[in-house]
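Summary of the model geometry
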Amino acid sequence: MGTWGTRNFENDGSQDWVFEMMDNKDGGMVADTLQFTLNKDGILDTSECEDALAAAEVVAALAGKASEDFPEDPLDNLDSLDLLATPALRKLAVAVVEKIRAASEMRDVRTDEGQYEGWDAVLADLVKRLS
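**Section: a negative patch on the surface**
On the surface, Asp16, Glu20, Asp23, Asp26, Asp32, Glu72, Asp73, Asp76 and Asp79 cluster together into a negatively charged patch. Elements that contribute at least two residues to the negative patch include exactly helix H1 (12–23) and helix H4 (72–77). Structurally, Glu72 can be placed in helix H4. Taking relative accessible area as the criterion, Glu72 reaches 62% and is therefore assigned exposed.

Below, the structure is given as structure tokens:
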């Protein structure tokens, strides 16, 4: 899978996840992905982080605070999902983003590539949009 930047949709994994969710009209994927990520023991791998950050971005978009790089077609059709950005779902998304920021393979890769500060700023912005 490819990565071309530090934003949450600048990788194939997050793009694939959001398009799969929309193709299947499965808003339940959002909470399922977030809950899986929060409950997983050990260090999250990069693909798990990509999926979870895409799910968190969906929650932010449902709350009217989409990121600039959210894919246009899914963004235009989010209202077709039977899903609301409830306070509980937003809180879950924040917890997942903070878990990824604290310890994950994605954090390690961004640090090793000298991209940590930019990446962390993207995640801090996501937490702000979710709060």
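**Some thoughts on the environment of Gly13**
Within the secondary structure layout, Gly13 lies in helix H1. Separated by 38 residues in the primary sequence, Gly13 and Asp51 have C-alpha atoms spaced 6.6 Å apart.

**What to know about the pattern of salt bridges**
Per the stated rule, a full pass over the model turns up six salt bridges. One salt bridge in this structure joins Arg101 and Glu98, with 3.4 Å as the shortest N-O distance. Taken together, the residues span about one helical turn, with Arg101 and Glu98 both in helix H5 (residues 87–102) at a distance of three residues. For Arg101, a relative accessible area of 16% gives the class buried. Overall, the relative accessible area of 33% leaves Glu98 in the partly exposed class. Here Asp125 ties to Arg129 by a salt bridge, and the two come within 2.8 Å at their closest N and O atoms. Here the residue Asp125 and the residue Arg129 both occupy positions in helix H7 (residues 116–130), the gap between them amounting to four residues, near one helical turn. Looking at Asp125, the relative accessible area reads 32%, which means it is partly exposed. What you see here is one network of salt bridges that share partners, running through Glu57, Asp125 and Arg129.

About the cut-offs
- Residues numbered from 1 in each chain as written.
- Predicted model: local features only at pLDDT ≥ 70, side-chain atom pairs only at ≥ 80, totals over all residues.
- Heavy atoms only, no water.
- Patch = residues over 30% accessible without salt bridge, like charges linked within 9 Å, V, L, I, M, F, W, Y side chains within 5 Å.
- Areas by Shrake-Rupley, 256 points an atom, 1.4 Å probe, with all protein chains shown as cover.
- Salt bridge = Lys/Arg side-chain N within 4 Å of Asp/Glu carboxyl O.
- Lys, Arg positive; Asp, Glu negative; His and termini not counted.
- Charge placed at Lys NZ, Arg CZ, Asp CG, Glu CD.
- Helix = DSSP H or I, 4+ residues; strand = E, 2+ residues; numbered from the N terminus.
- Buried < 20%, exposed > 50% of the residue type's maximum accessible area, 1.4 Å probe, protein only.

What is shown is where atoms sit, not what they do.
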